[in-house]
Amino acid sequence: MGDTRRMSSGKIDGMLLIFLLFCCVRSTIQGFRLQEALDTAGCLALCRNKSCRNHCSQPTGEFEPYPKTKEEAGANVTLHCRGMNALIIKHNPGSYVIQQSVSVDAWDTATVSNGGLSTFSNLTPDTLYRYRLHRITQRGFSLAETSDWFSTYAVDYQPNQIQHISLVKIEEESNNVCQLRAEIIFEPVEDQSCNYNILSWSGEHDLINFDLKKPSDFHFSLRHLRYNQNNTISIRSSNDDFSKVSNATMFTFVTPSCLEIHHNLSVCAPEKVKGLRTEYIRKRSDGSYDVAVNWNKPILQPDNYTLQFDSSFQLKPRLLVVSGDAVKALFSNVDVRLQYEISIVAESAGGVSLKSTISGSIDKASVAELSYREIIVALSTLVIVAVVFGIICMQRQRRNNKKHKQTNMEYMHFEGSMDSLKKPLKRDYAVDNSATLLPHDKFQLTPQQLKFKGILGSGAYGIVRLASLQDEFGAIADVAVKMMKDNPTVEDIRNFHQEISMMKSAGQHPNIVSLIGYCTLYDKPLLVVEYCSKGDLQTYLRTIWQNLVNAVFECRTHLKSNTISVANENTERDQEKCVSNYKNTRTIANCLYDIQQDVIKYTENVTSADLLNFARQVATGMEFLSSNRIVHRDLAARNVLVRPDRVVKISDFGLSRDIYRENVYRKKGNGKLPLKWMALEALTHQIYTTYSDVWAFGILLWEIVTLGAMPYPGTPTNRILQFLKSGYRMERPPNCSRELYSIMYSCWNMRPQSRPTFTELKQSLDKLLSDYSENKYLSLCDVLYESADESNEPRSINAR
């Protein structure tokens, strides 16, 4: 019996040993070991980025779930997002062994995943895939859970538009108390794209454009935001290579003010003054007025208030400073004359508040007359003053009357008729005055300093006149005077004042048209700027082109007429000489001079190097503007002026975009858009930045190369946007080198941040000029011959 038991026990021990050996061999040979899977899952759990996860080694060999437990995997697999070559599946957090299949029976090599998302790349477009998951535990592998079938995008799939964008929170930057950070989330589209293009802007210089690829939670942050700022976000769903995108979904939000966060006027500027109103208006015996105003008491008291009283009949505004605990102020002895405007700002150590403004008119019901006693006192005072200063006042009045009479005679010829000038402007002008408190400054002129000459240009509501200006020292110089026509709209007046303000902020630069001053004539504002006698660059280039094309035809006509009286060989020799001299001469003016002096008309002595230098000067001026955070919005050859010494200057900070109306597209309201000069993001989102100015510079460079030709020749303006979105750009002109075209083409990059800066453009043009030799980068003869060969008659300037 004992032997039998020992034999049975030995048999059992042997069977157990064989079983353990079988298990060891099975787990080693037919699949990776459980410990290896646990080690990989642990490594992945410690990683926070893709680079770290790539360093976690995956187990090798075919997978067999051993040892297997009877637990459910509990993965709850869904599709997170997809592309043409990738799928991301979402599952409950945990460690899993995942296998992929494209057929019912076969499963690919298993991988270990940890977390809530698993990415599968290098897939085939328009193909169905499914996934099998085993949860990894210390006891072994769970039962399998198989997902639904998920499909990748087809190659030509057009992504759908996303539906919802929302703001999660706004908080201060951890390292900068003056800037904010916003957290944004959005819901993926129904087709669950893995790629999105995001465009965010909060001002003319704060454009952010980036791609969000394979996001884990459809969430992103916007940093470096400012207080009390409008922010707009545009999101487009995209395929893998961003060649196809959906329509944009827009979302706008406003960041809180500094006071809403800090509640401290030593850090923040005071809030805008509320409740500004006129308390009473009292007429004085001398015809002037006392005007009292008051306003609401703020929650936080500022250090002081600065008030400004303005009337078009006063030479300069009246300023008044009162303490921060005041809620009223009095303007004494002011000249109102029916219309007035009162502005106020609050000031503290943290800054100056936004301006509050009221405007109004005087009527009898609102005026409080002086009492009888006050009138007697005032009259007595006036009598005494009249006795003492009567003679002096009469003499001064006579001189003033004589002076005004001379001035009126001087302006009789202005604008053909005094009636059009004497019409007063609508008083919308008072409501929409400058956005800042601007005191009487050095730019203020008097109409008596100007003597008007001819009209330089006119448009929808503005004209530009040539005038001579006499300064305080008696020196006289020609100037250009911009002014509005009769009955301007509120928007016209706002644009005019914006141009004045913009030119003042721009300052002085050799390649910027300088502001000389401004004044008011018969209630109309006048803007006096530097005069460039050669006119705008577009007309300048087109005139040269036209004259030279005419000269070519005259030369040809002359050579043809010689065939009647001269032998063929002599004619051919003359023609060869004409072509040779035309192509090899250094200046345009002498192209045909050696052949027949009486054929050629006088043209500007301009070389290819001069044209390159024009572009370089414009880049220099735009570099200055962009460094001062000024966006031009309408950079084009028509808005660059030329001086006799071939210095070019950038002009038009507002008015001239309505004077030059060629190829201008009316978007909505009174806004006019120079479509063929606009960047792609300006056409699609109405975003104007320094980046869009760079795009326009590329168009301007094309204008210079082609001597003033119209961009996108033969292309209707209503098809420009469609062409640009498809990737189309203007081809290289025949007379333009590849090096110069490369500079031009770089300005038209679809991604704004990938375009060169104006500093880089200037450096690139400097490099071409330093290595310049005739016709190396820009051939004038080629463009002239091409133009002359197109027809038997020279084209008109308007055809360009």
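This section reports on the structure supplied with the text. Everything numeric here is computed off the predicted structure, so don't read it as measured data. (Residues numbered from 1 in each chain as written. Predicted model: local features only at pLDDT ≥ 70, side-chain atom pairs only at ≥ 80, totals over all residues. Heavy atoms only, no water.)

**Thoughts on unusual backbone geometry**
Here's step 1: Note the cis peptide between Tyr66 and Pro67, where omega equals -5°.
Here's step 2: Mapped onto the secondary structure, Pro67 falls in the loop between helix H3 (50–54) and strand S1 (78–82).
Here's step 3: A positive phi angle is found at Arg633, which is not glycine, with a value near 80°.
Here's step 4: For Arg633, the location among the structural elements is in the loop between helix H11 (608–627) and strand S29 (640–642).
Here's step 5: Positive phi, normally seen in glycine, also occurs at Arg646, with a value near 65°.
Here's step 6: With respect to the helices, strands and loops of the structure, Arg646 is situated in the loop between S29 and strand S30 (648–650). (Helix = DSSP H or I, 4+ residues; strand = E, 2+ residues; numbered from the N terminus.)

**Let's talk about the state of the cysteines**
Here's step 1: Taken as a whole and judged by the stated rule, the model has four disulfides.
Here's step 2: In this model, Cys47 is linked to Cys52 through a disulfide, with the two sulfur atoms separated by 2.0 Å. Handedness of the Cys47-Cys52 disulfide follows from its S-S torsion of about -60°: it is left-handed.
Here's step 3: Judged by relative accessible area, Cys47 falls into the buried class, the value being 9%.
Here's step 4: Between Cys258 and Cys268 runs a disulfide, and the two sulfur atoms are separated by 1.8 Å. Judged by the sign of its S-S torsion, about -65°, the bond between Cys258 and Cys268 is left-handed. Placement of Cys258 in helix H4 (residues 258–262) and of Cys268 in the loop between H4 and strand S15 (277–283) is noted, with a sequence separation of ten residues between them. Both residues of the pair, Cys258 and Cys268, count as buried.
Here's step 5: Disulfides within the protein link the bonded cysteines, taken in sequence order, as 1-4, 2-3, 5-6, 7-8. (Disulfide = S-S within 2.5 Å. Buried < 20%, exposed > 50% of the residue type's maximum accessible area, 1.4 Å probe, protein only.)

**Considerations on the environment of Ile281**
Here's step 1: You can see Ile281 is positioned in strand S15.
Here's step 2: Judged by relative accessible area, Ile281 falls into the buried class, the value being 4%.
Here's step 3: Remark: the alpha-carbon pair of Ile281 and Ser332, spanning 51 residues in sequence, is separated by 9.9 Å.

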